[in-house]
Amino acid sequence: MNAALTAEERETLQAANRIKRSLRRERRRNLLAQRPHEKKHRGRERDTGYLAYLRRQPCEVRHMGGCDGPIHAAHIRYSDAKHGVNPGMGRKNHDRHANPLCERHHLHDQHQRSERAFWAEAGKDPYEVAAGHYEAYRRAA
């Protein structure tokens, strides 16, 4: 094999490689454009009807006072050996593991400190409460 390439041959090879990369990028863009634009759920069980049901319920910790804002479907985000393992940071738990919380309790109390401590202060097991809501939702459907 010829070990030394002339400057002209190197430029030709570089130009050919740029064209190949450009074609690959274009093919990739075309493939991505053909895909349906659905968010990956990574095996997460979703139930939008249940989430809508939760948003019509009163705040689950209203006995603590200070309820403010609309009701959110608050997903439980800590692991519990009895009820399963949280899928990890930045990922939501299954929809059936959500409870109705007002905006203040959800965003400012549940997520701004230890969630386990929040539910302990509320005096409730969030997984059992969520299971009760999910059962009521299934019976009503």
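Residues numbered from 1 in each chain as written. Predicted model: local features only at pLDDT ≥ 70, side-chain atom pairs only at ≥ 80, totals over all residues. Heavy atoms only, no water.

Attention shifts here to the overall build of the protein chain. In terms of regular secondary structure, the protein chain is built from five helices and two strands. Overall, the protein chain shows an N-to-C arrangement of helices and strands of α-α-β-β-α-α-α. As displayed, the protein chain offers around 10100 Å² of accessible surface, 50% of which is attributable to carbon and sulfur atoms. (Helix = DSSP H or I, 4+ residues; strand = E, 2+ residues; numbered from the N terminus. Areas by Shrake-Rupley, 256 points an atom, 1.4 Å probe, with all protein chains shown as cover.)

Here we come to the packing of aromatic side chains. Here the distance between the centres and the angle between the planes together describe a pair of aromatic rings. Enumeration over the complete set of coordinates arrives at six aromatic pairs. Geometrically, the ring pair formed by tyrosine 50 and tyrosine 53 is stacked, given 6.2 Å between the ring centres and 20 degrees between the ring planes. Taken together, the positions of tyrosine 50 and tyrosine 53, both in helix 2 (residues 48-55) and three residues apart, correspond to about one turn of that helix. In this structure, tyrosine 50 and tyrosine 53 share a single accessibility class: buried. (Phe/Tyr/Trp six-rings, centres within 6.5 Å; stacked < 30°, edge-to-face > 60°. Buried < 20%, exposed > 50% of the residue type's maximum accessible area, 1.4 Å probe, protein only.)

Moving on: helix 3 (residues 103-110). Restricting attention to buried positions, one finds in helix 3 the residues His105, His106, Asp109 and Gln110. Projected onto a plane normal to the axis of helix 3, the buried residues spread over an arc of 120 degrees and lie on a single side. (Arc of directions from axis to C-beta.)

Strand 1 (residues 71-75) sits mainly inside the fold: five of its five residues count as buried. The alternating pattern of strand 1 places Ile71, Ala73 and His75 on one face and His72 and Ala74 on the opposite face, and all of these are buried. Pairing of strand 1 with strand 2 (residues 98-102) involves five bridges; the strand directions are antiparallel. Bridge assignment links alanine 73 to a residue of strand 2, and that residue is proline 100. (Pairing = 2+ DSSP bridges.)

Residues Tyr50, Leu54, Cys59, Val61, Leu101 and Trp119 are the most contacted members of the largest nonpolar core, which totals 21 residues. Looking at this core, the elements with two or more residues in it are helix 2, strand 1, strand 2, helix 4 (115-122) and helix 5 (126-140). Discounting chain neighbours no more than four positions away, the residues touching leucine 101 are Cys59, Glu60, Val61, Pro70, Ile71, His72, Ala74, His106, Gln110, Phe118 and Trp119. (Core = buried A, V, L, I, M, F, W, Y, C linked by side-chain atoms within 4.5 Å. Contact = heavy atoms within 4.5 Å.)

What follows deals with the environment of lysine 124. The topology assignment puts lysine 124 in the loop between helix 4 and helix 5. Lysine 124 sits in the partly exposed class, given a relative accessible area of 26%. Placed 64 residues apart in sequence, lysine 124 and glutamate 60 show a C-alpha to C-alpha distance of 9.2 Å. If we ignore the near neighbours within four places in the chain, the residues touching lysine 124 are Glu60, His63, Trp119 and Val129. Here the side chain of lysine 124 touches glutamate 60 through a polar contact of 2.6 Å, side chain to side chain. (Polar contact = N/O pair within 3.5 Å; in protein donor to acceptor, adjacent residues only side chain to side chain.)

With respect to the secondary-structure elements, histidine 106 resides in helix 3. In terms of polar contacts, histidine 106 uses its side chain to reach the side chain of histidine 111, at 3.1 Å. If near-sequence neighbours (up to four positions away) are discounted, histidine 106 is found in contact with His72, Ala74, Leu101 and His111.

With that settled, consider the layout of surface pockets. Gaps between atoms show up when a probe of the same size as a water molecule is rolled over them. Empty space within the second largest pocket amounts to approximately 160 Å³. Every residue along the wall of the second largest pocket is listed here: Arg44, Arg46, Leu51, Arg55, Ala73, His75, Arg77, Lys92, His106 and His111. At the level of elements, helix 2 and strand 1 are the ones that each hand at least two residues to the lining of the second largest pocket. Residue composition of the lining of the second largest pocket, grouped by class: two nonpolar, three polar and five charged. (1 Å grid on protein atoms, 1.4 Å probe; cavity = no way out; pocket = protein on both sides within 12 Å on 5 of 7 lines; lining within 4 Å. Points joined across faces, edges and corners; volume = space filled by probe spheres on them. Nonpolar A, V, L, I, M, F, W, Y, C, P; charged D, E, K, R; others polar.)

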